[in-house]
Amino acid sequence: MGTAILDGLISSGMDVANISVSTKTAASALAIFEKHRVATFSLEESVANNLATVDGADVIIVATKPYLITEVLEELVEPHLKPGALIISVAAGITTQTMESALPLGNPVVRAMPNTPAIVGRAVTGIAAGARASEEHLKLAEELFATVGKTVVVDEDRIDALSTISGSGPAYVFFLIEQFIAAAKHQGFTDEEAKLLVNETFLGATELLVASGKDPAELRRQVTSPNGTTMQAIARMQEANLDQMFIEATDAALARAREIAAGK
């Protein structure tokens, strides 16, 4: 995700001279440098390189695993960390209050929850401000994540719920595509044919939905002739209670996000 955000920032025209990156390994740091020519540091070479990365920065994006967030933030101290620097986290389940408590200089914090289509510039990013963040901080975060897609500002008590929809959503779509491909192969198509049929159907249907501006239910009805083949398929899906299954699935994801926030 950090790499996707970096790609978006540079594609938007940000001067590479104003960007520094810290990664875990020297190999990943070298790969990023060779691609973008930004200043790169690795923890493999020095555990102090996080400090070198944030030295004098106005905005710091922390794109680590959730369990590392507090540890990383506690490492950021004066004179390297500017007291007013904005900290933006993209870690699931870690509240702004938790992050603020790990920052002795009182830095403002914003949580952002982008999804993996950021890699192709089609992310949806939920953004929530911490107690110390101003409207200007929130606007800055929106501008940053607009480089990789669309943004939605929400209260922090909704950010975990948002992550169960747009954050985890690509995985749900990929899982559905997997099952649809398996069904196509069951109907006698080769693996290559099945992938072509299913991938292009999902892509085409999504583009039609966006281009038409219509409600998905309306488009579905247009394809579903009375007593036709599509109607039989939809009826079977309804019998399987897919609507309730999606509610239960997102509830399960939200429960796990709350466990992460509680340190479980």
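Everything quoted here is computed from the prediction, not taken from an experiment.

This brings us to the packing of helix H8 (residues 169-186) against helix H9 (residues 191-212). In contact at an axis separation of 9 Å, H8 and H9 are set at 135° when each is read in the N-to-C sense. Classified by the angle between their axes, H8 and H9 sit oblique to one another. Where H8 crosses over H9, the two elements pack in a sense that is right-handed. In contact with Val173, Leu176, Ile177, Phe180, Ile181, Ala184 and Lys185 of H8, H9 contributes Asp191, Ala194, Lys195, Val198, Asn199 and Phe202. Residues that form the contact of H8 with H9 fall into these classes: 9 nonpolar, 1 polar and 3 charged.

Quick look at the packing of aromatic side chains now. For the structure shown, the criterion picks out 1 aromatic pair. When the centroid spacing of 6.1 Å and the interplanar angle of 65° are considered together, the rings of Phe180 and Phe202 count as edge-to-face. With Phe180 in helix H8 and Phe202 in helix H9, the pair connects residues that are 22 residues apart, well separated along the chain. You can call Phe202 partly exposed: its relative accessible area is 24%.

How two helices pack is summed up by the angle between their axes together with the distance between the axes. Relative orientation of the contacting elements helix H1 (residues 2-11) and helix H2 (residues 26-36) amounts to 20°, with a least axis distance of 12 Å. The orientation of H1 with respect to H2, classified from their angle, is roughly parallel. Here the hand of the crossing between H1 and H2 comes out right-handed. The residues of H2 that touch H1, namely those facing Leu6, Asp7 and Ile10, are Ile32, Lys35 and His36. Looking at side-chain class alone, the contact of H1 with H2 contains 3 nonpolar, 1 polar and 2 charged residues.

Right, let's talk about H8 for a bit. Residues that lie three or four places apart on an α-helix share one face, since the helix turns once every 3.6 residues. Here H8 spans 26 Å end to end across 18 residues, near enough to the 26 Å set by a 1.5 Å rise per residue. Buried within H8 we find Gly169, Pro170, Ile177, Ile181 and Ala184. On an axial view of H8, the arc spanned by its buried residues comes to 115°, and they lie on one face. Its buried side turned inward, H8 meets helix H7 (159-167) and H9. A positive phi of about 105° marks Gly188, the residue just after H8.

Attention now goes to the pattern of salt bridges. Side-chain pairs of opposite charge can arise where the charged atoms are in close proximity. Tallying each qualifying case throughout the model produces 8 salt bridges. With a closest N to O distance of 3.3 Å, Asp7 and Lys35 form a salt bridge. Here the residue Asp7 occupies a position in helix H1, and Lys35 occupies one in helix H2, the gap between them amounting to 28 residues. The buried category is assigned to Asp7, whose relative accessible area is 18%. Exposure remark for Lys35: the relative accessible area of 55% places this residue in the exposed category. Across the salt bridge formed by Arg236 and Glu239, the nearest N and O atoms sit 3.9 Å from each other. Here Arg236 pairs with Glu239, and both are found in helix H11 (residues 229-239), just 3 residues apart, close to one helical turn. Taken as a pair, Arg236 and Glu239 share a single burial class, namely exposed.

Conventions we followed
- Residues numbered from 1 in each chain as written.
- Predicted model: local features only at pLDDT ≥ 70, side-chain atom pairs only at ≥ 80, totals over all residues.
- Heavy atoms only, no water.
- Axes fitted to C-alpha atoms, helices over the stretch in contact; angles between N-to-C directions.
- Helix = DSSP H or I, 4+ residues; strand = E, 2+ residues; numbered from the N terminus.
- Parallel < 35°, antiparallel > 145°, perpendicular 65-115°, else oblique.
- Left-handed = near helix turned anticlockwise from the far one by under 90°.
- Contact = heavy atoms within 4.5 Å.
- Nonpolar A, V, L, I, M, F, W, Y, C, P; charged D, E, K, R; others polar.
- Phe/Tyr/Trp six-rings, centres within 6.5 Å; stacked < 30°, edge-to-face > 60°.
- Buried < 20%, exposed > 50% of the residue type's maximum accessible area, 1.4 Å probe, protein only.
- Expected span 1.5 Å × (residues − 1).
- Arc of directions from axis to C-beta.
- Salt bridge = Lys/Arg side-chain N within 4 Å of Asp/Glu carboxyl O.

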